[in-house]
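One letter stands for each residue in the lines below.
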Amino acid sequence: MSILQNNVLEPMGPTALAPFFDDPEEGLEKIFGFSSFRPGQREVIDQIASGRNALVVMPTGSGKSLCYQLAGALTQGVTLVVSPLIALMKDQVDGLRATGLPATAIHSSMSRDEQRRRIEGMYLGDYKVVYVAPERFQSAAFCRALEDVEIGLFAVDEAHCISQWGHDFRPAYRRLAAVRERFGDPQTVALTATATERVRRDIGEQLGIGEDEEILGPLERRNLYFDVFFAGGKDDKLRRIKALVEDYAGESIIVYVATRKQVAQVTSKLATMGVNAEGYHGGMPGKGRRQIQESWMSGQTDVLVATNAFGMGVDKPDVRAVVHYNIPGSVEAYYQEAGRAGRDGEPARCLLLFNRSDLRVHHWFAENAFPLRMQVIRIWLHLCSLGPGPHEYTPKELARAARGPGQKLPPRMAEASLRHLARAGHIRYGGGSVEVLHEVGPLELNIDFSAFADLSITAKEQLGQIVTYANTQRCYQATLLDHFDSSPSFGARCGNCGRCRELRA
Ligand code: ADP
Ligand code: MG
């Protein structure tokens, strides 16, 4: 039942629903205290102010939040912001509160009562900007309650998560198309740091944003020095990292590795070489993980060895180097992760360590990442039959227990099934235990099996593209920008990468 159905609540007097300003410059100064726009921001705000939608692709750190926050302040109604991480929302909300733009967040880690109070507040015009996690829209009651709210602007942050062709697909983002329709197609702005043409069109089609409404900011990062090091093997890689760490004594570095196992291995190897390093991955318990993150954020730890679970929403401006110990799965993933270096605009390095044998892991993954529908369903039904609470398992045991008579269910497919179930929000798993979050019938699983074949092919294509990058004879940064159809202001050569230096020499 809608919380507002039996109470007739009428907004009274002036509320946050009215526009705060007419003039963007005034808003920029009064809300944010900035004297000028960064490149691209004004264009985005003007386009929204003119009543159009926008798909914004601008690099990390370029100030995308301000675009929808300020546009929201200039618009009638509430700006509803979809954001993937609770930690990210908290930072943004605290920031806005400090500026005097009334903002809040609604997410699963607050009580139902608190969520309801905030939705009521939205209706009453207490907030101008409200952050929600995409998972919130899975609640029918939540959607119903929002129907009574005047949504002036629908902002989708990290919008590449909407696309299966992107590098960080989140099934909960899939619902946003339906959500948007339900709210009467509100004016929409989608924002991301990296999106190929295919991903941009996918976002646009789902959120009703036209090709002519795309705003592609300059993606180049002049302060980043891109390089590729062809490593003979592990020891070679570690030596290279050690040399880099010595160049940046006491400064912050991220080393991305491919697997959780490698996090432990590389961290301990580096530690024995005298490097001040700690490891981080998504399977670690929340508390320890937070401590490790904080210790790195505050500069106590120099080198963070992490899987790609680390990074989104981590806004550390003075990262001096991002090293990829293994080749990542796509150029998008690489540019996003490497781009976490040098957000302060000071010189920083992005180093890819390349060894052909690393490709095997990716190929294996592309072959084994997509289980058959029947296999996933078997696993799911078995997990549901275990009852509530976390259960200990090994993939082997799980595969044996779940497989039907005469059926094949290799442990690697059991693992892959768990990954898909976790990604779709049906289970939580890690560290040898698995927990069903909410039981649904096998046909209600939020997994798009029909896309699996295509995804497997795409994964191989994307890997081919990053391998091409690693082996390019051209300017590294120009090659990366090409991939995103972004033309660099520097022309064919950035003058500041491993290749440009060779060409100069
Ligand atoms: P993005 O989402 O594009 O990665 P953010 O929105 O997090 O970037 O902004 C990065 C930083 O830039 C923030 O600290 C923000 O306050 C700052 N910033 C944004 N716009 C401006 C501006 N016009 N002038 C000065 N600083 C700005
Ligand atoms: Mg952002």
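Look up a bit, the structure's there.
Everything numeric here is computed off the predicted structure, so don't read it as measured data.

1. What about the pattern of salt bridges?
Now for step 1: One pass over the full model with this rule turns up 23 salt bridges.
Now for step 2: Between E214 and R200 there is a salt bridge whose closest N-O contact spans 3.1 Å. Of this pair, E214 sits in strand β7 (residues 214–216) while R200 is found in helix α9 (residues 197–207), placing the two residues 14 residues apart along the sequence.
Now for step 3: Between R499 and E502 there is a salt bridge; the shortest N-O distance is 2.8 Å. Note that R499 and E502 are positioned in helix α20 (residues 498–504) at a spacing of three residues, about one turn of the helix.
Now for step 4: For R499, a relative accessible area of 9% corresponds to the buried category.
Now for step 5: Counted as one network, the salt bridges with shared partners bring together R200, R201, E214 and D485.

2. What about the site of ligand 1?
Now for step 1: If you check the shell around ligand 1, you find 13 residues, and the closest are S36, Q41, G61, K64 and S65.
Now for step 2: One nitrogen or oxygen atom from the side chain of R38 is found 3.1 Å from an oxygen atom belonging to ligand 1.
Now for step 3: In this structure, S65 approaches ligand 1 through a side-chain N or O atom, which is 2.6 Å from an oxygen atom.
Now for step 4: Within the complex, 70% of the 580 Å² of free accessible area of ligand 1 lies under protein.
Now for step 5: Looking at the shell around ligand 1 element by element, the count peaks at three residues for helix α3 (residues 64–73).
Now for step 6: Here the residues of the shell around ligand 1 sort into four nonpolar, seven polar and two charged.

3. A look at the environment of D315
Now for step 1: Among the structural elements, D315 can be located in the loop between β11 (303–306) and β12 (319–324).
Now for step 2: With 28 residues separating them along the chain, D315 and R343 place their C-alpha atoms 8.3 Å apart.
Now for step 3: Setting aside residues up to four positions removed in sequence, D315 forms contacts with M297 and R343.

4. Regarding unusual backbone geometry
Now for step 1: Positive phi, close to 50 degrees, is recorded for D185, a residue that is not glycine.
Now for step 2: Following the sequence through the fold, D185 ends up in the loop between α8 (176–182) and β6 (188–192).
Now for step 3: For D185, a relative accessible area of 47% puts it in the partly exposed group.

What counts and what doesn't
Residues numbered from 1 in each chain as written. Chains lettered and ligands numbered in written order. Predicted model: local features only at pLDDT ≥ 70, side-chain atom pairs only at ≥ 80, totals over all residues. Heavy atoms only, no water. Salt bridge = Lys/Arg side-chain N within 4 Å of Asp/Glu carboxyl O. Helix = DSSP H or I, 4+ residues; strand = E, 2+ residues; numbered from the N terminus. Buried < 20%, exposed > 50% of the residue type's maximum accessible area, 1.4 Å probe, protein only. Near = heavy atom within 4 Å. Polar contact = N/O pair within 3.5 Å; in protein donor to acceptor, adjacent residues only side chain to side chain. Areas by Shrake-Rupley, 256 points an atom, 1.4 Å probe, with all protein chains shown as cover. Nonpolar A, V, L, I, M, F, W, Y, C, P; charged D, E, K, R; others polar. Contact = heavy atoms within 4.5 Å.

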